[in-house]
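Coordinates in review
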Amino acid sequence: MSDVVELSPDPMLVADAAGDVVAANEAAERLLDCDGSTLADVSLSTVLRTAGTASEEPLTALSSEEVRRLGGDGTVFADCPDGGAIPVEVTLAAADVDGERRLIATLRQERGGGRSDDSEERYRRLLEFSPAPIVIFDDEGRLVYANQAAADLHEVDAPADLIGTSGAEFIHPEDREAAREQVERVVEEGEALEGVHRRLLTADGETRHVVFSSFPASFDGEPAGQIVLSDVTELKERERELERQNEHLDRFASIVSHDLRNPLSVLNGSLELTDCDDEHVERARRATDRMEELVDGLLTIARQGTTPEETTPVSIPDVARRAWETVDTTGADLVFETDATVDADESRVRELLENLFRNAVEHGGDSLTVTVGEGPNGVFVADDGTGIPPSDRESVFETGVSTAEDGMGLGLAIVDEIAEAHGWTVTLIESTEGGARFEFACA
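Quick caveat: nothing in here was measured; it's all calculated off a predicted structure. (Residues numbered from 1 in each chain as written. Predicted model: local features only at pLDDT ≥ 70, side-chain atom pairs only at ≥ 80, totals over all residues. Heavy atoms only, no water.)

Along its length, the protein chain carries 11 helices and 19 strands. Out of the 443 residues belonging to the protein chain, those deemed buried represent 43%. Taking as baseline every contact in the protein chain between residues at least 6 positions apart, the subset at least 24 positions apart corresponds to 56%. (Helix = DSSP H or I, 4+ residues; strand = E, 2+ residues; numbered from the N terminus. Buried < 20%, exposed > 50% of the residue type's maximum accessible area, 1.4 Å probe, protein only. Contact = heavy atoms within 4.5 Å.)

Below, the structure written as C-alpha cells:
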C-alpha cells in the first residue's frame, strides 16, 4: 500500500478497476472495526451504501480526472462487517498506481455519527513520535500541525513555532507559486502528490532540499492537507560534488588531448624525417609509442569515469564479439555461456571488454580460452590462463599497477572506472580452470 494511503489520518479504501477493495489503511480498519483482510475483494459499493438523495451513479464510473464527493448529509453510510452503519462523507478519486487504475475512497465520519473513539488523538500522538518530518496545512496554506521532526528540519525550537505561520514563508521564493498550486490541488481537489521536490528555507535562512508526499486529510473536522517530508540536502550536495568532479575530469581530458598530443605529434613527425636508424632513434620511437598508449589510457580513464548520460539495452554477446575483433587474440578462443542484455552505454561496455580480453591474452599464456557468462547478479569474463595471485587481486584495479614487467597498469583501472560509472561492482576471483574470473554485479 502506498505510504500516502497508509499514513493518512483519514480512513481510506483502495479499489481496483472493477470496484473491488484491494487495500484499507489502519484508520479505515478502526472506523469499520475490522481487519483489512475481511474487506479484500468486497465491492466498494457494498461497503459504501447510498440512500435518499445521494447519487446513484456507479462508483467505478469515475474518470481519471474527476474527484467526486458524496454524503455529509446523512445519505451515505459505511457498512461495517459487524452489522453497524456509520454516516460518512466520501471523497472519490481515481489514480494510476504502477500502471493499473485504482479508485481511492477517503471517508470522513459525520459529526455525531457512528462510533465514538479517540482515533484522531491517537493518530496525532503517532505523528509526534514519527522520525519523519510531518506538517498539516489548511486550505489557505497555514500550518495547523507540525511534529518535532518538522521543527528540527526548519531549525526552530518547537512545533509551536511553526503553528499558525504560512507554509510559504519556509518555501524558497522560486518554488512558492508551485507550493500555492499544491495547496489547491490537495485540499480543494482531493489530489495526492508523491515524490515532489522542493527547496525549504530554515529559520536561519539556510536552504534545504526535500522530497515530500502530500495528500488530503482533515484537522479538527476541517479539510486540510498533510505532508510527509524527507531531507535530501546531503544527497543534492553529493550530486553537485560529482558534477564538479566530472567537470574537472573533462578539463583534465582536454589537457591530455591537446597539450600532450601536440608535442608528441611534433616529435613523431621529426622522427619520421630522421634518416638515421641507430638504436637511440629506435629507442625514441618506442618511447613515443608508449607515450601515445599512456595518453590514450589516461584519456579513457578521465572520460569513462563519468556517469553515462544515456543508456540502452546492450546485448553482451554482440558487444563482446565486436570487442574481440579489435584485440589481437591470435591463438585464443572466445566462448559464450549467456545471452544476457544489460542497460548500459554500449561504447563503454565495449571498451571494458576490450581491456579484459587484452589483459587475458597478454597475461594468460598460450592456447587461451576466454568465457563470457552469466553470474548470479550479472555477467562474468573468465579465462583458463595462469590467473592472478590472491595478494594482487585488489591492487590490480589501481592505476599504474601491473603484474607484468612491461605493463602500464591502465587496462584493469579502466575496467574498474567504467564499471563504477554504470553503478556496477567488479570482483576478481579464481576461475574454475585456475585462471582469472571478473564478476560484474549489474543488477
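A few words on the packing of helix 9 (residues 316–325) against helix 10 (residues 346–363). Interaxial distance between helix 9 and helix 10 falls to 8 Å at its minimum, and their mutual angle equals 55°. Classified by the interaxial angle, the pair formed by helix 9 and helix 10 is oblique. Seen from above, helix 9 lies across helix 10 with right-handed handedness. Two secondary-structure elements touch here, helix 9 through V319, A320, R322, A323 and W324 and helix 10 through E346, V349, R350, L353, E354 and F357. Of the residues contributing to the contact of helix 9 with helix 10, the split by class is seven nonpolar, no polar and four charged. (Axes fitted to C-alpha atoms, helices over the stretch in contact; angles between N-to-C directions. Parallel < 35°, antiparallel > 145°, perpendicular 65-115°, else oblique. Left-handed = near helix turned anticlockwise from the far one by under 90°. Nonpolar A, V, L, I, M, F, W, Y, C, P; charged D, E, K, R; others polar.)

On to helix 6 (residues 176–188), then. A rise of 1.5 Å per residue sets the reference length of helix 6, with its 13 residues, at 18 Å; its end C-alpha atoms lie 18 Å apart and thus fit the reference within 8%. Three or more residues of helix 6 are buried, namely A179, Q182, V183, V186 and V187. End-on view of helix 6: buried residues confined to an arc of 105°, all on one side of the axis. Residues of helix 6 that are buried make contact with strand 4 (67–71), strand 8 (134–137), strand 10 (193–201), strand 11 (207–219) and strand 12 (222–231). Residue G190 follows helix 6 closely and has a positive phi angle near 70°. (Expected span 1.5 Å × (residues − 1). Arc of directions from axis to C-beta.)

The subject of this paragraph is the pairing of strand 9 (residues 143–146). Of the pairings in the sheet, the one linking strand 8 to strand 9 comprises three bridges and is antiparallel in character. Bridging across to strand 9, I136 finds its partner in Y145. The turn linking strand 8 back onto strand 9 is made up of five residues, and G141 within it adopts a positive phi angle of 85°. (Pairing = 2+ DSSP bridges.)

Let us look at the packing of aromatic side chains. As enumerated under the stated definition, the model contains two aromatic pairs in all. With 6.2 Å between their ring centres and 90° between their planes, F397 and F438 make a pair best called edge-to-face. Of this pair, F397 sits in the loop between strand 17 (378–383) and helix 11 (411–421) while F438 sits in strand 19 (residues 436–441), and the two are 41 residues apart along the sequence. One exposure class covers both F397 and F438, and it is buried. In this arrangement the basic side chain of R437 is found over the ring face of F380, its NZ or CZ atom lying 3.7 Å from the centre. (Phe/Tyr/Trp six-rings, centres within 6.5 Å; stacked < 30°, edge-to-face > 60°. Lys NZ or Arg CZ within 6 Å of the ring centre and 35° of its normal.)

So, about the environment of L92. Here L92 lies in strand 6 (residues 85–97). Between the C-alpha atoms of L92 and R68, which are 24 residues apart in sequence, the distance is 5.1 Å.

What follows deals with the nonpolar core. Membership of the largest hydrophobic core comes to 37 residues, with the highest contact counts inside it found for L352, L353, L356, F357, F438 and F440. For this core, the secondary structure elements donating two or more residues are helix 9, strand 15 (341–344), helix 10, strand 16 (369–374), strand 17, helix 11, strand 18 (425–430) and strand 19. Here the element with the most residues in this core is helix 10; it accounts for six residues. Excluding its chain neighbours within four sequence positions, the residues that come into contact with L356 are V381, L412, V415, F438 and F440. Grouped together as the second largest cluster of nonpolar side chains are 24 residues, A15, A28, C34 and I86 included. (Core = buried A, V, L, I, M, F, W, Y, C linked by side-chain atoms within 4.5 Å.)

Okay, the sheet that holds strand 19 next. Overall, mixed pairing links the five strands, which are arranged 14-16-17-19-18 in an open sheet. The sheet is open, and its two borders are formed by strand 14 (333–337) and strand 18, each paired with just one other strand. The mean inter-strand angle of the sheet, taken between neighbouring strand axes irrespective of direction, is 15°. With five bridges joining them, strand 17 and strand 19 adopt antiparallel strand pairing. Across the sheet, F380 pairs through a bridge with E439, a residue of strand 19.

Let us look at the pattern of salt bridges. Inspection of every chain in the model, using the stated rule, returns 18 salt bridges. Close ionic contact of R180 with E177 constitutes a salt bridge, the shortest N to O distance being 3.0 Å. Within this pair, R180 and its partner E177 are both found in helix 6, separated by three residues, close to a single helical turn. For R350, the salt bridge is made with E354, and the minimal N-O distance between the two is 3.3 Å. Separated by four residues within a single helix, R350 and E354 lie in helix 10, roughly one turn from each other. E354 sits in the buried class, given a relative accessible area of 12%. Through salt bridges with shared partners, one network takes in D138, E140 and R142. (Salt bridge = Lys/Arg side-chain N within 4 Å of Asp/Glu carboxyl O.)

Once that is clear, we can look at the packing of helix 10 against helix 11. Packing of helix 10 against helix 11 leaves a shortest axis separation of 9 Å and a crossing angle of 150°. Judged by the inter-axis angle, helix 10 sits roughly antiparallel to helix 11. Of the two elements, helix 10 crosses helix 11, and the hand of that crossing is left-handed. Mapping the contact onto sequence places R348, E351, L352, N355, L356 and N359 in helix 10 and G411, L412, I414, V415, I418, A419 and A421 in helix 11.

A cluster of acidic residues, D139, E181, E184, E188, E189 and E222, forms a negative patch at the surface. With three residues, helix 6 is the largest single contributor of residues to the negative patch. For E188, a relative accessible area of 48% corresponds to the partly exposed category. (Patch = residues over 30% accessible without salt bridge, like charges linked within 9 Å, V, L, I, M, F, W, Y side chains within 5 Å. Areas by Shrake-Rupley, 256 points an atom, 1.4 Å probe, with all protein chains shown as cover. Lys, Arg positive; Asp, Glu negative; His and termini not counted. Charge placed at Lys NZ, Arg CZ, Asp CG, Glu CD.)

Purely spatial values, then, with no claim about function.
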